[in-house]
Amino acid sequence: MRLHEKVAIITGGASGIGREAALVFAREGARVAIWDFDDSGAEVADHIEKNGGKSFFYKVDVSKAQEVEKALEETENQLGDIDILINNAGITRDGFLTKMSLEDWQKVMDVNLTGVFNCSKVVAQKMMARQEGVIINASSVVGVYGNVGQTNYSATKAGVIGMTKTWAKELGKKGIRVNAVAPGFVATPMTEKVPEKILNRMKDKTPLGRLGQPEDIANAFLYLASDQASFVNGAVLQVDGGLVL
Ligand code: NAP
């Protein structure tokens, strides 16, 4: 078991990649806190508990700093000190630049950037006191290469890479590793909104000839969270089947 006795927070753990990561982490021995504002996070926690694991759901909007502080307090009470934070919650509000509303721009900033900042800030304070911990951020290949219709989303995912590298420098000296995973297109509820024509085009452009599955990304999180990655810090691991070579 690669995460034996570890305590992990997975934001956005109710759905898609986060849900799969919660299941994989629990199978690897971690006690898993699922932070999500979707109530179905409770079902994921139940499923883990029924299979002999330890899990806990906390309903929280990661873009609200005070809610995040309360979530951390409650998680520590239930599961103990935090070893791993996976900043996975994210949203899209797509549209061409000239048609994108300020509201859609701001909403994506609030969740995908401010949410990552809020969670990392409070958890890092605790990890620094213990001189150990791992933070993993969900970026995207569109944060590196851009994507038509995703001004707001690609800006946040590029920002996540900037924060990852900054924190790798700031927190590395305190025993905390910080890395990012940049998935390509993954079959989750998020990409169900993408027209089939575009998804097929992405498959065709991918040398491995398929979309990613949630477990492809969950396994990347697992590697970076485990001691096998003990010298990996500030990396952006692209997991996209070779989409953007
Ligand atoms: P998903 O299936 O939509 O799951 C995201 C989860 O986060 C949902 O349960 C969502 O709740 C929750 N969430 C959204 N805003 C939140 C907030 N403010 N506070 C707490 N929870 C919140 O998405 P996914 O495809 O698994 O994506 C996971 C991460 O990978 C995201 O950061 C995404 O940007 C990134 N990513 C995904 C892909 C892809 O192709 N799927 C590619 C590259 C990167 P609701 O369902 O209620 O909104």
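Residues numbered from 1 in each chain as written. Predicted model: local features only at pLDDT ≥ 70, side-chain atom pairs only at ≥ 80, totals over all residues. Heavy atoms only, no water.

Caption draft 1: Spotlight on the pairing of strand 5 (residues 133-138). Burial of strand 5 is extensive: 6 of the 6 residues sit out of reach of the surface. In strand 5, alternate side chains face the same way, and those of G133, I135 and N137 on one face and V134, I136 and A138 on the other are all buried. Where strand 4 (residues 84-87) and strand 5 come together, 4 bridges link them in parallel fashion. Opposite I86, over in strand 5, you have I136 as the bridge partner. Sheet topology note: the strand 5/strand 6 (residues 176-183) ladder contains 6 bridges and is parallel. Residue pairing in the sheet places G133 in a bridge with I176 of strand 6. (Buried < 20%, exposed > 50% of the residue type's maximum accessible area, 1.4 Å probe, protein only. Helix = DSSP H or I, 4+ residues; strand = E, 2+ residues; numbered from the N terminus. Pairing = 2+ DSSP bridges.)

Caption draft 2: Just the site of the ligand, in detail. The environment of the ligand is made up of 29 residues, and the closest members are S15, D36, Y153, V186 and T188. The separation between an oxygen atom of the ligand and a polar main-chain atom of N88 is 2.8 Å. In the environment of the ligand, an oxygen atom lies 2.7 Å from a nitrogen or oxygen atom belonging to the backbone of V186. Calculation on the ligand without its partners gives an accessible area of 890 Å², and the protein chains cover 90% of this total. Taken atom by atom, the bulk of the ligand overlaps the largest pocket. (Near = heavy atom within 4 Å. Polar contact = N/O pair within 3.5 Å; in protein donor to acceptor, adjacent residues only side chain to side chain. Areas by Shrake-Rupley, 256 points an atom, 1.4 Å probe, with all protein chains shown as cover. 1 Å grid on protein atoms, 1.4 Å probe; cavity = no way out; pocket = protein on both sides within 12 Å on 5 of 7 lines; lining within 4 Å. Sits in = over half its atoms within 2 Å of the grid points.)

Caption draft 3: Layout of the sheet that holds strand 2 (residues 31-36). Strand order in the open sheet formed by 7 strands is 3-2-1-4-5-6-7, with parallel pairing between adjacent strands. In this open sheet, the two strands that pair with only one neighbour each are strand 3 (55-59) and strand 7 (236-239). Going from strand to strand, the sheet's axes swing by 15° on average, the running direction of each strand aside. Of the strands in this sheet, strand 1 (7-11), strand 2, strand 4, strand 5 and strand 6 touch helix 4 (residues 102-130), which is tilted by about 170° from strand 4. (Axes fitted to C-alpha atoms, helices over the stretch in contact; angles between N-to-C directions. Contact = heavy atoms within 4.5 Å.)

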